[in-house]
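The chain contents come next:
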Amino acid sequence: MCPCKHSPQRLTALLRSRQPSGGAVIDEQGREIPITEGMIQKACRLLDKTWAAAPRQAPVDGHRAD
């Protein structure tokens, strides 16, 4: 039996987060870096922490700003 610390579900999620999503970014040296699910999740967490609603604008031409 494997003395692994991760459950099968956790290991599957970990492996999936390291697989390329189909996209890539280009670094400063021109190398193509595959975008992983983990990279996307990290970016989403950062956006969740820093997101702020845009300020409401005054109505224009008698229409309400929603």
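Structure's up top.
Overview of the structure.

### A closer look at the overall build of the protein chain
Within the protein chain one finds two helices and two strands. Put simply, the protein chain runs from its N terminus to its C terminus through helices and strands in the order α-β-β-α. Contacts in the protein chain between residues far apart in sequence, at least 24 positions, make up 0% of those at least 6 positions apart. Surface accessibility of the protein chain: about 6,400 Å² in total, with carbon and sulfur atoms responsible for 58%.

### Points about a nonpolar patch on the surface
Residues V25, I33 and M39 make up a contiguous nonpolar surface patch of about 210 Å² in total accessible area. Tracing the backbone through its elements, the reader meets V25 in strand β1 (residues 20-26). Its relative accessible area of 37% is what places V25 among the partly exposed residues.

Reading guide: rules and limits
- Residues numbered from 1 in each chain as written.
- Predicted model: local features only at pLDDT ≥ 70, side-chain atom pairs only at ≥ 80, totals over all residues.
- Heavy atoms only, no water.
- Helix = DSSP H or I, 4+ residues; strand = E, 2+ residues; numbered from the N terminus.
- Contact = heavy atoms within 4.5 Å.
- Areas by Shrake-Rupley, 256 points an atom, 1.4 Å probe, with all protein chains shown as cover.
- Patch = residues over 30% accessible without salt bridge, like charges linked within 9 Å, V, L, I, M, F, W, Y side chains within 5 Å.
- Salt bridge = Lys/Arg side-chain N within 4 Å of Asp/Glu carboxyl O.
- Buried < 20%, exposed > 50% of the residue type's maximum accessible area, 1.4 Å probe, protein only.

The analysis is restricted to geometry; functional conclusions fall outside its scope.
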